[in-house]
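Summary of the model geometry
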Amino acid sequence: MTLPARADAALIYIAEDEPKMAALLIDYLRAGGHATRWLADGREVVPAVRAHPPGLVLLDLMLPGRDGMAICRELRGFSEVPIIMLTARVEEADRLAGLDAGADDYICKTPFSPREVVARVNALLRRSRRQPAPDGAAAPFAIDDAGYRASLHGVALSLTPVEFRLLQAFAGAPGRVFSRDSLLRHVHDDQRAVTDRAVDSHIKNLRRKLAAVTPEREWIHSVYGVGYRFDA
Ligand code: CA
């Protein structure tokens, strides 16, 4: 099963307490050319990432010592390391909870496909490496937070306040998957009841305005069953 080392090989931390699951992930990731480190206790994860930042973290939601959500939130306080959350439960709430904690992707372990994990790891590594430096002069978007103004390739965008705040949320975390719930929290401070459908219609309008400037480019991608991802 050994394959040649990939050009985008990375050190992957596997925070997973079930030894069989961890062994399977280690086998497949190593076969895919990656280096791995197994962390079986939730309390080990944050100190390990601080001491030696990996290329990506696979983070189980249910860990002894500390739960994956709390770990993910703390990691996001100091690190942009790509994080894939693993969950044993299929409930949408758990998936979204993982995303809202700042994870980049989630994978449900039932049914479990190590091949899919490796494919998603590689996809996320490619995506995170494509991102340009945040202060790059060639950044396509200019967003003026105080003035509620935004432009794309120097063309001023005429956005509603909700569209502006959606763009602000997306542009602040390119490549990250946003659930509709987390987008709603970005656009509405007062917790008014707004439906998923309303988010979809604001996104549709925002897409149309961006497409008017860059018709060849799709910035906002739908992620089936979850929400949206913005590719800068
Ligand atoms: Ca577990």
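Data block above holds the structure.
This section reports on the structure supplied with the text.

1. A word on the coordination of the calcium ion
- The protein atoms donating to the calcium ion are Asp17 (OD), Asp60 (OD) and Met62 (O), with metal-donor distances spanning 2.1 to 2.3 Å.
- With a relative accessible area of 27%, Asp17 lands in the partly exposed category.

2. Thoughts on the nonpolar core
- Counting 24 residues, the largest nonpolar core has Phe170, Leu183 and Ile220 as its most contacted members.
- Among the elements of the structure, β7 (149–152), α6 (161–172), α7 (180–187), α8 (196–213) and β11 (227–230) are those that each provide at least two residues to this core.
- With 6 residues, α6 is the single largest residue contributor to this core.
- For Leu183, the residues in contact, after removing those within four places along its chain, are Leu166, Ala169, Phe170, Phe178, Val199, Ile203 and Tyr228.
- Core analysis: the next-biggest nonpolar cluster, separate from the first, contains 23 residues, Val45, Val81, Ala101 and Val177 among them.

3. Some remarks on the packing of helix α2 (residues 42–51) against helix α3 (residues 68–76)
- At their nearest, the axes of α2 and α3 sit 10 Å apart, and the two run at 15 degrees to each other. Taken together, α2 and α3 sit at an angle that is classed as roughly parallel. Crossing of α2 against α3: the hand is right-handed. Every residue of α3 that contacts α2 at Gly42, Val45, Val46, Val49 and Arg50 is listed here: Ile71, Glu74 and Leu75.

4. Let's talk about the packing of α6 against α7
- Between α6 and α7, the least distance of the axes is 9 Å, while the angle of their chain directions is 120 degrees. Comparing the axis directions of α6 and α7 gives the class oblique. Every pair of crossing elements has a handedness; the one defined by α6 and α7 is right-handed. Listed contacts from α7 to Val162, Arg165, Leu166, Ala169 and Phe170 of α6 are Leu183, His186 and Val187.
- Of the residues contributing to the contact of α6 with α7, the split by class is 6 nonpolar, 1 polar and 1 charged.

5. Here we look at the sheet that holds β11
- Taken together, 3 strands build an open sheet; the order of strands is β9-β11-β10 and the sheet is antiparallel. The open sheet is flanked by β9 (177–179) and β10 (220–223), the only strands paired with a single partner. Between one strand and the next, the sheet's axes are offset by a mean angle of 30 degrees, whatever the strand orientation.
- Sheet analysis places β9 next to β11, joined by 3 bridges and oriented antiparallel. Residue pairing across strands places Phe178 opposite Tyr228, the latter belonging to β11.
- The strands touched by α6 within the sheet are β9, β10 and β11, with β11 carrying the most contacts at an inclination of about 65 degrees.
- Packed onto the sheet, α7 meets β9 and β11 and runs at close to 80 degrees relative to β9.

6. Notes on the sheet that holds β7
- Strand order in the open sheet formed by 3 strands is β6-β7-β8, with antiparallel pairing between adjacent strands. Each edge of the open sheet is held by one strand with a lone partner, namely β6 (141–144) and β8 (155–157). Strand-to-strand twist in this sheet, taken as the mean axis angle between neighbours without regard to direction, amounts to 25 degrees.
- Relative to β7, β6 runs antiparallel, the two sharing 4 bridges. Looking at β7, one finds that Ile143 is bridged to Ala150.
- Contacting β6, β7 and β8, α6 runs over the sheet at an angle of about 120 degrees to β6.

Rules behind the numbers
Counting restarts for each chain: residues are numbered from 1 in the order of the written sequence. In keeping with the model being predicted, local features are shown solely for residues with a pLDDT of at least 70 and side-chain atom pairs are shown and tallied solely at 80 or more, while totals for entire chains, interfaces and linings include all residues. Working from all heavy atoms in the structure, the side-chain values ignore hydrogens and water. Water is absent from the atoms considered, so a metal site may look incomplete; donors are defined as N, O and S atoms within 2.8 Å of the metal, or 3.2 Å for Na, K and Ca. Partly exposed residues are those whose accessible area sits between 20% and 50% of the maximum for their type, while under 20% is buried and over 50% is exposed, using a 1.4 Å probe and protein chains only. As used here, the term nonpolar core means buried Ala, Val, Leu, Ile, Met, Phe, Trp, Tyr and Cys residues forming a set that is joined through side-chain atoms within 4.5 Å. In this text, helices come from DSSP runs of H or I with a minimum length of four residues, and strands from runs of E with a minimum of two, each type numbered from the N-terminal end. A contact between two residues is defined here by any heavy atoms of the two lying within 4.5 Å. Between the N-to-C directions of two axes lies an angle of 0 to 180 degrees, each axis being a line fitted to C-alpha atoms and, for a helix, fitted only over the stretch in contact. What sets the label is the angle itself: under 35 degrees gives roughly parallel, over 145 gives roughly antiparallel, 65 to 115 gives roughly perpendicular, and the rest give oblique. Note on convention: the crossing is left-handed when the near helix lies turned anticlockwise from the far helix by less than a right angle, right-handed when the turn is clockwise. Polar here means any residue other than Ala, Val, Leu, Ile, Met, Phe, Trp, Tyr, Cys and Pro, which are nonpolar, and Asp, Glu, Lys and Arg, which are charged; Gly is therefore polar. Any two strands are treated as partners once DSSP identifies two or more bridges connecting them.

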